[in-house]
Amino acid sequence: MGLLVTERVVNFPPELVPKLHEAIFDEISWAQEDEPTKELQESFKFESYLYLTSGMTNSTGLSTKLKARKKSKRKRRKKKGQNPVDEAPAKLEFFRYEDDIIYNNSSLVLSFSLPGQAPVKGGLVLRRFAIFFPATAVAKIREEITKGIGNGS
């Protein structure tokens with residue numbers, strides 16, 4: 001698994017954003033071929049990536065339906081064989097537009113709050129996100145990031 005941590009400045013020139021993503025994935029690809037030993041080359045063949053970023057969600061980060069399910073925990077335990085799936089937050093805003101693209105191509109998203117975070121305007125709270133996506137999604141993510149810039153996003 002490859003680990004990608006993003007803290008790109010929000011006001012970075014948008015036309016350079018695709019180049020940043022191209023550069024990191026190109027470097028990984030080149031490392032798979034150019035490293036001096038087969039062992040090192042293999043160590044760069046990731047099946048999936050963990051992308052860490054930050055964004056804003058509603059104060060709890062949970063949708064209304066998920067809150068309701070937590071309240072009815074006893075009822076859920078009685079129904080064997082049912083595993084309710086967590087839903088996306090009711091409101092989710094990322095600071096960088098490419099985070100939305102990666103989020104939309106993800107296989108799993110976990111969010112966690114930071115200690116002592118007070119809600120800001122609109123009840124939003126800063127949260128961190130661990131976004132898992134398969135290596136097979138990299139080409140699509142790169143393409144969508146480039147298209148987004150080309151369309152003035």
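Residue numbers here run from 1 along each chain, matching the order of that chain's written sequence. In keeping with the model being predicted, local features are shown solely for residues with a pLDDT of at least 70 and side-chain atom pairs are shown and tallied solely at 80 or more, while totals for entire chains, interfaces and linings include all residues. The basis for every side-chain value is the complete set of heavy atoms in the structure, and neither hydrogens nor water enter the calculation.

1. Topic: the overall build of the protein
Then, in step 1: Counting secondary structure elements, the protein contains 6 helices and 5 strands.
Then, in step 2: Under the scheme used here, helices are H or I runs from DSSP no shorter than 4 residues and strands are E runs no shorter than 2 residues, and both carry numbers assigned from the N terminus. Starting at the N terminus, the α and β elements of the protein follow one another as β-α-α-β-α-α-β-α-β-β-α.
Then, in step 3: Among the 153 residues that make up the protein, the fraction classed as buried is 31%.
Then, in step 4: Pairs at least 24 residues apart make up 73% of the contacts formed inside the protein by residues separated by at least 6 positions.
Then, in step 5: In short, Shrake-Rupley with a 1.4 Å probe defines the accessible areas, and a residue's cover is counted only from the protein chains shown. For the protein, the accessible surface area stands at approximately 10,100 Å², while carbon and sulfur atoms represent 55% of it. For the exposure calls, accessible area comes from a 1.4 Å probe over protein chains only, and a residue counts as buried if that area is under 20% of its type's maximum, exposed if over 50%, partly exposed in between. In this analysis, two residues are considered to be in contact whenever any of their non-hydrogen atoms come within 4.5 Å of each other.

2. Things to note about the nonpolar core
Then, in step 1: In this text, buried Ala, Val, Leu, Ile, Met, Phe, Trp, Tyr and Cys residues form a nonpolar core when linked through side-chain atoms within 4.5 Å. Counting residues in hydrophobic clusters, the biggest one holds 17 residues, and the most contacted among them are F25, Y49, I131, F133 and I141.
Then, in step 2: Those elements that provide at least two residues to this core are α1 (17-34), β2 (48-58), α5 (97-104), β5 (124-134) and α6 (138-150).
Then, in step 3: Other than its neighbours up to four places away in sequence, F25 contacts L4, Y49, F133, V138 and R142.

3. Focus: the confidence of the model for the protein
Then, in step 1: Within a predicted model, pLDDT stands for the predictor's per-residue confidence, ranging from 0 to 100. Of the residues in the protein, 76% reach a pLDDT of 70 or more, and the chain-wide mean stands at 78.
Then, in step 2: Model confidence for the protein, summarised as mean pLDDT per element, is weakest for helix α3 (residues 64-71) at 38 and strongest for helix α2 (residues 38-43) at 93.
Then, in step 3: Low pLDDT, under 50, characterises residues 61-89; the stretch is placed with 21 contacts to residues that sit more than four places away or in other chains.

4. Observations concerning the side chain of N105
Then, in step 1: Relative to the assigned elements, N105 resides in the loop between α5 and β4 (108-113).
Then, in step 2: Take N105: its relative accessible area is 11%, and that puts it in the buried class.
Then, in step 3: Two N or O atoms form a polar contact when they lie within 3.5 Å of each other; inside protein one atom must be a possible hydrogen donor and the other a possible acceptor, and for residues adjacent in sequence the pair counts only when both atoms belong to side chains. For N105, the side chain forms a polar contact with the side chain of E144, separated by 3.4 Å.
Then, in step 4: In contact with N105, not counting residues within four places along its chain, are F133, P134, A137, K140, I141 and E144.

5. Topic: the packing of aromatic side chains
Both the distance between ring centres and the angle between the ring planes are used here to describe each pair of aromatic rings.
Then, in step 1: The criterion for an aromatic pair is that two Phe, Tyr or Trp rings (for Trp, the six-membered ring) have centres within 6.5 Å, with stacked assigned to planes under 30 degrees apart, edge-to-face to planes over 60 apart and tilted to the rest. This model, assessed by the stated rule, comprises 6 aromatic pairs.
Then, in step 2: Plain terms: the ring middles of Y49 and F133 are 5.3 Å apart, the flat faces sit at 20° to each other, and that makes the pair stacked. With Y49 in strand β2 and F133 in strand β5, the pair connects residues that are 84 residues apart, well separated along the chain. Exposure class is identical for Y49 and F133. Each is buried.

6. Observations concerning the environment of I101
Then, in step 1: Considering the arrangement of structural elements, one finds I101 in helix α5.
Then, in step 2: Residues contacting I101, with those up to four places away along its chain left out, are I141, E144 and I145.

7. Side note on the side chain of H21
Then, in step 1: The topology assignment puts H21 in helix α1.
Then, in step 2: Taking relative accessible area as the criterion, H21 reaches 12% and is therefore assigned buried.
Then, in step 3: Not counting the four nearest positions on each side in its chain, H21 is found in contact with Y51, E98, I102 and I145.

8. Concerning the pattern of salt bridges
Then, in step 1: By convention in these notes, a salt bridge is any Lys or Arg side-chain nitrogen within 4 Å of a carboxyl oxygen on Asp or Glu. Per the stated rule, a full pass over the model turns up 6 salt bridges.
Then, in step 2: A salt bridge links E143 to K147; the shortest N-O distance between them is 3.1 Å. Highlighted residues: E143 and K147, both in helix α6, separated by 4 residues, approximately one helical turn.

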